[in-house]
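# Coordinates in review
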Amino acid sequence: MKTRAAVLWDVNQDWKIEEVELGEPGPREVLVKTKVAGMCHSDEHMVTGDLSFANEAAIAMGIDPMFPLIGGHEGSGEVIQVGPGVTHLAVGDHVAVSFIPACGKCHYCAKGQQMLCDLGAKAFTKGMISDGRDAHHIGEEAVNTFAKLGTFSEYMLLSEDSVVKIDQDLPFQAAALVSCGVATGFGSAINRAEVKAGDTVVIIGCGGVGMNAVQGAAVAGAKRVIAIDPMEFKREKAMEFGATHTYESMEEATGAIGALTWGRMADSAIITVGVA
Ligand SMILES: [Zn+2]
Ligand SMILES: [Zn+2]
């Protein structure tokens, strides 16, 4: 079948809307009609080369070029076709995508570290996770998909290990956000900073990721969740997401945090500033 998709042909180029030919779902693959796709800064990193390298560099290194590439790794949708051997998904299921697949069987999945799943090694090279075949084409050219997803597309051909079934009554917008930005920010507070009840946590920068670090710190039971952002709107929203104090700048915050904590300062600081 054909789908329209936003495709990047190399680093430092504009996204182009292309018609892409999708193959049939193979073993343990599903065809998903995209409902919502998020634009994450990691997509911009593919453009700038921070998360990618130019075709010319790949060829010089003797490896397969990453481009052309269908962008997007945040998203949600509905399963409209399943391939052979798919056991936990059926037509009509609602799903969120996962930018790191989780097979549930490898060493790391078994340890509860699905973010290190062996299948993640295939996330940036061309070819389907299941058998390496090229199932996305523009003319004769094989097309890659970001993180084996490519949510900037009307339809997505995915490994069943790359999708998470969600309840039918969950809004697709929320599910799409949870698939990257929410998990990243929330996890930075819960897993990386290991925020404990009673902690003082400072979150510097309250964009999509930082706002969810605020939420994660609040859910973890932090006594003080201190959000720093120059934009008033974001400071107001941070209070809705669980911040206890907000400041406009580091200069303003530093003395205030000292006073709040009797000079002990924060137990953890989560830096989620932009790159502008
Ligand atoms: Zn992302
Ligand atoms: Zn695994």
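Residues numbered from 1 in each chain as written. Chains lettered and ligands numbered in written order. Predicted model: local features only at pLDDT ≥ 70, side-chain atom pairs only at ≥ 80, totals over all residues. Heavy atoms only, no water.

### So, the nonpolar core
Formed by 20 residues in total, the largest nonpolar core has its most connected members in Val30, Val32 and Leu158. The residues touching Leu158, leaving out its near neighbours within four places in the chain, are Arg28, Glu29, Val30, Val32, Val97, Met128, Lys148, Leu149 and Val163. If you look at the next biggest cluster of nonpolar residues, it comprises 15 residues, including Ala189, Ala217, Ala238 and Ile270. (Core = buried A, V, L, I, M, F, W, Y, C linked by side-chain atoms within 4.5 Å. Buried < 20%, exposed > 50% of the residue type's maximum accessible area, 1.4 Å probe, protein only. Contact = heavy atoms within 4.5 Å.)

### Description of the coordination of the zinc ion (ligand 1)
Protein ligation of the zinc ion (ligand 1) involves Cys40 (SG), His73 (NE2) and Cys180 (SG), the donor distances falling in the range 2.0 to 2.2 Å. For the zinc ion (ligand 1), the single-chain donor residues occur in sequence as C-x32-H-x106-C. A residue pair is termed long-range when its members are at least 10 positions apart, and His73 in the loop between strand S4 (69-70) and strand S5 (74-82) and Cys180 in helix H4 (residues 172-192) qualify at 107 residues. Judged by its relative accessible area of 6%, Cys180 falls in the buried class. (Donors = N, O, S within 2.8 Å, 3.2 Å for Na, K, Ca; no water. Helix = DSSP H or I, 4+ residues; strand = E, 2+ residues; numbered from the N terminus.)

### Brief notes about the pattern of salt bridges
Note that side chains of opposite charge can pair when their charged atoms are close. One pass over the full model with this rule turns up 10 salt bridges. Residue Arg133 pairs with Asp131 through a salt bridge whose shortest N-O separation is 3.1 Å. Linking Arg264 and Asp267 is a salt bridge whose minimum nitrogen-to-oxygen distance equals 3.3 Å. Given the relative accessible area of 53%, Arg264 is considered exposed. Taken together, the salt bridges that share partners define one network made up of Arg28, Glu160 and Asp161. (Salt bridge = Lys/Arg side-chain N within 4 Å of Asp/Glu carboxyl O.)

### Section: the domain arrangement of the chain
Parsing the chain into structural domains produces domain 1 (2-174) and domain 2 (193-271). Each of domain 1 and domain 2 has a C-alpha centre, and these two points are 34 Å apart. (Domains from an automatic or database assignment.)

### Some points on the coordination of the zinc ion (ligand 2)
For a metal with four tetrahedral donors the ideal donor-metal-donor angle is 109.5 degrees, whereas six octahedral donors ideally subtend 90 or 180 degrees. Donor atoms from the polypeptide that bind the zinc ion (ligand 2) are Cys103 (SG), Cys106 (SG), Cys109 (SG) and Cys117 (SG), placed at 2.3 to 2.4 Å. Around the zinc ion (ligand 2), the 4 donor atoms are arranged such that angles at the metal cover 106 to 116°; this shape is classified as tetrahedral. We note that the donor set of the zinc ion (ligand 2) lies within a single chain, spaced as C-x2-C-x2-C-x7-C. Judged by its relative accessible area of 10%, Cys106 falls in the buried class. (Tetrahedral: all angles 85-135°; square planar, octahedral: opposite > 155°, others 65-115°.)

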